[in-house]
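Chain residues, written in single-letter form:
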Amino acid sequence: MQLIDGKIASEAVKTRLAEAVKVLQDKGNRKPCLAAILVGNDGASETYIASKVRTCGQIGFLSNLIRFDAQVSEERLLEEVRKINTDSTIDGLIVQLPLPAHISAEKVILAIDPKKDVDGFHPINMGNLALGLPGFVSATPKGIMMLLEHFNIETAGKNAVIIGRSNIVGTPMSLLLSKNTNPGNCTVTLCHSKTKNLNSFIKQADIVVAALGRPESIVAEDIKEGAVVIDVGITRLDDSSAPKGYRIVGDVDFKNVAPKCSWITPVPGGVGLMTIAALMQNTFTAYLKNIEN
Ligand code: GUN
C-alpha cells in the first residue's frame, strides 16, 4: 500500500504558485487576491475559511474575508457579491457553503461573475466542464485529479466508482474521470443514496471516490484487492482519549481498508489539503487573465 500524501502534493503546488507570484511581482504586478464571504459561524466553515485565508498569506496572495451574521438578508448578500464582481483588485470570490436556510445558495452562486467563480460552482463553469471547455473546476475534484497526476496513478480504462452525487464533488468528479485525458478515461459509475447494493459496485471498483459523508462507512470487505481509494469525508468524532477530545475521520475505515489498497488517501492529510491547493491554483489562473488584460 502506498499513501497518496496530500501534504507532499499540496506543498509542491503551493511552492510553484508562490514562486510564480514572486516573479510576476518582481516585474511590477500586484498580488493575486481572493475574496471569501462567510455567513454565520458554522464551526466547519470557520475552519475551512481560516485555512483558505492562511494559505493565501503563505503563498503571497492577498485575501479579503467578508463576514455577515446568520440573519443577513439575501439581498444584502447579493449586493456584496455584485460589488466584488466589479472590483478589479479582486480575482476570485468564494461564498462558503452551506448558507442559512433563508438564503438561496443557487441565487448567490448565479450572481457570482463566472470569471471570478474560482469554486467552479456557477452553471457556466459546470457547463464548460461538462462540455470539456476551459473554465473553473470545483476545487475538491480538481484537487483529486491533481493528486492522481502527482503520484502518476494509472486511471485509463479503470472502473471508477464515485459514491455521492453532490454538485461540489461527486458530479464534477464523474465528469473529470470520464474525460479523454490523463488522469481520466475511466468507466465511471456514480452511486448515491438510492443506489441498490452499493457494496456490489464498490467490489468491482479499481478506483473508489468516497464522498458520501458517512464516517468510516466504506469497509475492507467491499474493497477489491489493489484498489485506489480516495477519501473525501471529513467528520469530527468525539474521542475522550484524543488530546483535543475528538478525532478527524474520513468516509473510509482507513485502518482496515489500507492494507488492501494499492494507493489510499489519509484523513486528515489527503484530499482536504489538495482542495485548498486547487482553489489557489484557480485563483492564480483568474489573476493571470486579469493582469494580462
Ligand atoms: N462548503 C464545503 N465545501 C466547499 C467548497 O469547496 N467551497 C465553498 N464555497 N463552500 C464549501
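Going by the structure above, here's the rest.
In this report, the structure presented in the accompanying data block is examined.

**Quick look at the overall build of the protein chain**
And then number 1: Of regular secondary structure, the protein chain possesses ten helices and eleven strands.
And then number 2: At 19 Å, the protein chain has a C-alpha radius of gyration in line with the 19 Å of a compact globule built from 293 residues.
And then number 3: With the C-alpha coordinates of the protein chain rotated into their principal frame, the extents come out at 55 × 40 × 40 Å.
And then number 4: Counting across all 293 residues of the protein chain, residues that qualify as buried make up 48%.
And then number 5: Pairs at least 24 residues apart make up 71% of the contacts formed inside the protein chain by residues separated by at least 6 positions.
And then number 6: Of the roughly 14,000 Å² that the protein chain leaves accessible, carbon and sulfur atoms contribute 52%.
And then number 7: Computed over 31 positive and 30 negative side-chain charges, the separation of the two mean positions in the protein chain equals 2 Å.

**A few points about the site of the ligand**
And then number 1: Around the ligand, the structure places Lys-52, Val-95, Gln-96, Leu-97, Asp-119 and Phe-121.
And then number 2: The contact in question runs from a nitrogen atom of the ligand to an N or O atom on the side chain of Gln-96, over 3.3 Å.
And then number 3: Here a nitrogen atom of the ligand sits 2.6 Å away from a polar atom, N or O, in the side chain of Asp-119.
And then number 4: For the ligand, whose free accessible area comes to 280 Å², the fraction covered by protein is 83%.
And then number 5: Here the shell around the ligand is built from residues that sort into three nonpolar, one polar and two charged.

**A short note on helix α5 (residues 123–131)**
Within an α-helix, residues lying three or four positions from one another point in the same direction, as the helix has 3.6 residues per turn.
And then number 1: Listed in full, the buried residues belonging to α5 are Asn-125, Met-126, Asn-128 and Leu-129. One side of α5 holds all its buried residues, which, seen down the axis, span an arc of 160 degrees.
And then number 2: Turning to α5, the residues buried within the fold contact α7 (170–178).
And then number 3: Phi turns positive, to about 75 degrees, at Gly-132, one or two residues after α5.

**A short note on the sheet that holds strand β6 (residues 187–191)**
And then number 1: Read across the open sheet, the six strands follow the order β1-β11-β8-β7-β5-β6; overall the sheet is parallel. The two strands at the open ends of the sheet, each matched to only one other strand, are β1 (2–3) and β6.
And then number 2: As defined by bridge partners, strand β5 (residues 159–163) adjoins β6 across five bridges and the pair is classed as parallel. Across the sheet, Asn-159 pairs through a bridge with Thr-187, a residue of β6.

**Structural notes on the packing of helix α1 (residues 6–26) against helix α6 (residues 139–150)**
Angle between the axes and distance between the axes are the two parameters that describe a pair of packed helices.
And then number 1: Where α1 contacts α6, the axes come no closer than 10 Å and their chain directions differ by 100 degrees. Classified by the angle between their axes, α1 and α6 sit roughly perpendicular to one another. Across from Gly-6, Ile-8, Ala-9, Ala-12 and Val-13 in α1, the residues of α6 making contact are Met-146, Leu-147 and His-150.
And then number 2: Taken together, the residues of the contact of α1 with α6 sort by class into six nonpolar, two polar and no charged.

**A closer look at the nonpolar core**
And then number 1: With 50 residues, the main nonpolar core has Ile-4, Ile-144, Leu-177, Val-209, Ile-230 and Met-280 as its most contacted residues.
And then number 2: Sort the elements by how many residues they give to this core and helix α10 (residues 271–292) lands first, with ten residues.
And then number 3: With residues near it in sequence (within four places) discarded, Leu-177 still touches Met-145, Leu-148, Ala-160, Ile-162, Gly-184, Asn-185, Cys-186, Val-188 and Val-209.
And then number 4: If you look at the next biggest cluster of nonpolar residues, it comprises 18 residues, including Ala-35, Val-39, Leu-78 and Ile-112.

What counts, and where the lines are drawn
Residues numbered from 1 in each chain as written. Predicted model: local features only at pLDDT ≥ 70, side-chain atom pairs only at ≥ 80, totals over all residues. Heavy atoms only, no water. Helix = DSSP H or I, 4+ residues; strand = E, 2+ residues; numbered from the N terminus. Rg over C-alpha atoms; globule rule 2.2 N^0.38 Å. Buried < 20%, exposed > 50% of the residue type's maximum accessible area, 1.4 Å probe, protein only. Contact = heavy atoms within 4.5 Å. Areas by Shrake-Rupley, 256 points an atom, 1.4 Å probe, with all protein chains shown as cover. Lys, Arg positive; Asp, Glu negative; His and termini not counted. Charge placed at Lys NZ, Arg CZ, Asp CG, Glu CD. Near = heavy atom within 4 Å. Polar contact = N/O pair within 3.5 Å; in protein donor to acceptor, adjacent residues only side chain to side chain. Nonpolar A, V, L, I, M, F, W, Y, C, P; charged D, E, K, R; others polar. Arc of directions from axis to C-beta. Pairing = 2+ DSSP bridges. Axes fitted to C-alpha atoms, helices over the stretch in contact; angles between N-to-C directions. Parallel < 35°, antiparallel > 145°, perpendicular 65-115°, else oblique. Core = buried A, V, L, I, M, F, W, Y, C linked by side-chain atoms within 4.5 Å.

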